[in-house]
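One letter stands for each residue in the lines below.
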Amino acid sequence: MVVHTPTYDGFRKAVTGLGRELRGVPVGDAEALERELARPDSRMLLLCSPHNPTGRVWTEAELTAFAELAERHGASVVSDEIHADLTGESHRHVPWTRIAERGRGRRWALVTSGTKAFNFPALSGSYGIVGDPDEREAFVRRMETGEGSPRPPCSR
Ligand SMILES: Cc1ncc(COP(=O)(O)O)c(C=O)c1O
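Below is a summary of the structure that appears in this document. (Residues numbered from 1 in each chain as written. Predicted model: local features only at pLDDT ≥ 70, side-chain atom pairs only at ≥ 80, totals over all residues. Heavy atoms only, no water.)

## A closer look at the overall build of the protein
Then comes step 1: Secondary structure summary: the protein contains six helices and six strands in total.
Then comes step 2: The order of helices and strands in the protein, counted from the N terminus, is β-α-β-α-β-α-β-α-β-α-β-α.
Then comes step 3: For 156 residues, the compact-globule estimate of 2.2 N^0.38 gives 15 Å, and the C-alpha radius of gyration of the protein, at 15 Å, lies within 12% of that figure.
Then comes step 4: Taking the principal axes of its C-alpha atoms as reference, the protein extends roughly 40 × 40 × 30 Å.
Then comes step 5: The buried share of the protein, taken over its 156 residues, is 40%.
Then comes step 6: Within the protein, contacts between residues at least 6 apart in sequence are counted, and of these 55% link residues at least 24 apart.
Then comes step 7: Put simply, the protein has 21 plus and 22 minus side-chain charges, and the middle of one group is 3 Å from the middle of the other. (Helix = DSSP H or I, 4+ residues; strand = E, 2+ residues; numbered from the N terminus. Rg over C-alpha atoms; globule rule 2.2 N^0.38 Å. Buried < 20%, exposed > 50% of the residue type's maximum accessible area, 1.4 Å probe, protein only. Contact = heavy atoms within 4.5 Å. Lys, Arg positive; Asp, Glu negative; His and termini not counted. Charge placed at Lys NZ, Arg CZ, Asp CG, Glu CD.)

Take a look at the structure:
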């Protein structure tokens, strides 16, 4: 799984906890991103948008480029947008759904939560949007069968 570095430590734990390898790419290094996504066993770009800890708010052009790279190399994109409400007036957050509705990126999920904006940490305030109906179904099934949170409030 490819992530921008420096990275939120929860990403590191989630990726390695799933038995996956975390491949770091410095924020802003487009060449390294392409190189890592091009590795045949790179399966996912785990995006932090806006980026924690640098505070970078990705532009629509940058996000579109990520989508194109991921698509070219057969990687899916999971966009963690938990900090989206905190960008202020000067930087406009562009949700991954915008990129997807413009036909970019085939396999994607947007995951987020009200926890940062409203300060109630924990998974119960989180939600996700999964682009592909089969993957959405598979995700909900995994949550319901105990691989996710103990009592997931899942809906289709
Ligand atoms: C990018 C990112 N995702 C997820 C989380 C987890 O949020 P919570 O505090 O609601 O568990 C954090 C927390 O800092 C974060 O920075």
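## Details of the site of the ligand
Then comes step 1: The local shell around the ligand consists of Tyr8, Cys48, Asn52, Asp80, Ile82, His83, Thr115, Lys116, Pro121 and Ala122.
Then comes step 2: Between Asp80 and the ligand, the recorded distance is 2.6 Å, taken from a side-chain N or O atom to a nitrogen atom.
Then comes step 3: A total of 390 Å² of accessible area belongs to the ligand in isolation, and the protein chains cover 76% of it.
Then comes step 4: For the shell around the ligand, a count of residues per class yields five nonpolar, three polar and two charged. (Near = heavy atom within 4 Å. Polar contact = N/O pair within 3.5 Å; in protein donor to acceptor, adjacent residues only side chain to side chain. Areas by Shrake-Rupley, 256 points an atom, 1.4 Å probe, with all protein chains shown as cover. Nonpolar A, V, L, I, M, F, W, Y, C, P; charged D, E, K, R; others polar.)

Read these as layout, nothing more, since geometry by itself doesn't imply function.
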